[in-house]
Amino acid sequence: MTMEKILKAELNTNLLKALGSSGGGCISQGQTYETDRGRVFVKINHKPQARKMFEGEMASLEAIQKTNIVRVPQPIKVMDLPGGGAMFAMEYLKMKHLNKYASKLGEQIAELHLYNQKLGEKLRTEGSTIGKGAGHSEAQFVDQFGFHTATCCGYIPQVNEWQSDWPSFFIRHRLQAQLDLIEKEYGDREARELWSQLKPKIPEMFCDVEIVPALLHGDLWAGNVAEDDSGPIIFDPACFYGHSEFELAIAGMFGGFSSSFFSAYHSKIPKAPGFEKRNKLYQLFNYMNHWNHFGTGYRGSTLNMMKKLLK
C-alpha cells in the first residue's frame, strides 16, 4: 500500500491532494494535504523509533490542549508507514513568524506553567468535599515530576518516570541520560571528570526554592512557536511536568524571543532567588542535547557551561 492510500484510509477521506512543496525540520519531513475535512499537516519519519516519537508528541499536544491556555495544532492520528517509520497527521494551521503576539505568548506560557499549581490550590480550598461525583472537572492535580509517556527532545527519547523530587529527576533523566549518550559515542574524559565534580553540587542550587510541577512544552525554541491572526501558536512539544524555569533556558539560548516575551512571562512568574545559576544548569542540558544531535561543535559550550557552574 502506498503512503497516500494509507492516509486516505486512516483519515477517511476521498480527496487527498498534496499542496505546495514539502518542508522539513531537522528531524521529520512535513507535507500539507487538502482532504474532505479541510487541510491537514502530515509529519513523516522513517526511523524505527518514529512511532514512539510521534505518540509522545501527540500526548504532549493533547496535554497542552486540555489546559485551554495556548493554541496548538489539533492532533489527529499516528499511523505506521509501509516498510517502517510512521506518520503523524494534525490540523494544518497557517502560521507566520511570532511578532505581534510575543508578549501574549509570554503570558500564556506563564499561565500554562501555573495551571497545575492553581489546580492544587483549588483542591486545597475545596478540601475533600464528598459528592463531587461525575460532574467534577477531569483535570487532575499532578504532584510529581515526569509524564505518563516517553517524549522526545529532537529524536532522543526521554524517560519521564514519575519522581517526587525535581533535582533527582532532572539529574537522572535529563543530565545523566545525555551524559551517558556522550560517553557511549565519544568517551570524552573531560566531560566525565567535570560531570563527576558538578553532579553532587546540583541539589544545593535548589535549596531555597519551592517547585510545584509545571506542565512544560519541553522544547520551546523559536522554531517551535508562531502566530496567526488570532494569536500565538506553539507546536512540536516534548511535554513533561517539571520546573518552570527549565522552559526558559532554550528560549533564551538561540534567540528569536523578544524581551517582551520574557517580561510578560516574569510579570506572572517572577524570577526566584538563584534563577541565573539554575538557568545555566538548564542551558547545560540543551548544549548536551545539541552535542548528541549535531556533534562535537557543541562540546566546547557544554564543557564551558560545566566549568562556569563549578565556579
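As named in an unreviewed UniProt entry, the chain is protein-ribulosamine 3-kinase, taken from Lonchura striata. You can read under Sequence similarities (unreviewed entry) in the UniProt record for the chain the words "Belongs to the fructosamine kinase family."

Caption draft 1: Quick look at the environment of S301. Here S301 lies in helix α9 (residues 299-310). Taking the relative accessible area as the measure of exposure, S301 reaches 26% and is therefore partly exposed. C-alpha separation for the pair S301 and W291, spaced 10 residues apart in sequence, amounts to 9.1 Å.

Caption draft 2: Just the packing of aromatic side chains, in detail. On inspection of all chains with the given rule, the structure shows 18 aromatic pairs. Taking 5.6 Å as the distance between ring centres and 75 degrees as the angle between the ring planes, the aromatic pair formed by F246 and Y282 counts as edge-to-face. Here F246, found in helix α6 (residues 244-253), pairs with Y282, found in helix α8 (residues 275-294); they are 36 residues apart in sequence, far enough to count as distant. Relative accessible area serves as the criterion here: at 4%, F246 is assigned to the buried category. Owing to a relative accessible area of 0%, Y282 belongs among the buried residues under this scheme. Centroid distance F246 to F285: 5.4 Å. Interplanar angle 55 degrees. Geometry classified as tilted. Of this pair, F246 sits in helix α6 while F285 sits in helix α8, and the two are 39 residues apart along the sequence.

Caption draft 3: Quick peek at the side chain of H173. With respect to the helices and strands, the residue H173 is situated in helix α4 (residues 166-186). Those residues in contact with H173 that sit more than four places away from it in its chain are V159, E161 and Q163.

Cut-offs used in this document
- Residues numbered from 1 in each chain as written.
- Predicted model: local features only at pLDDT ≥ 70, side-chain atom pairs only at ≥ 80, totals over all residues.
- Heavy atoms only, no water.
- UniProt positions renumbered as here; feature names shortened; annotations may be inferred.
- Helix = DSSP H or I, 4+ residues; strand = E, 2+ residues; numbered from the N terminus.
- Buried < 20%, exposed > 50% of the residue type's maximum accessible area, 1.4 Å probe, protein only.
- Phe/Tyr/Trp six-rings, centres within 6.5 Å; stacked < 30°, edge-to-face > 60°.
- Contact = heavy atoms within 4.5 Å.

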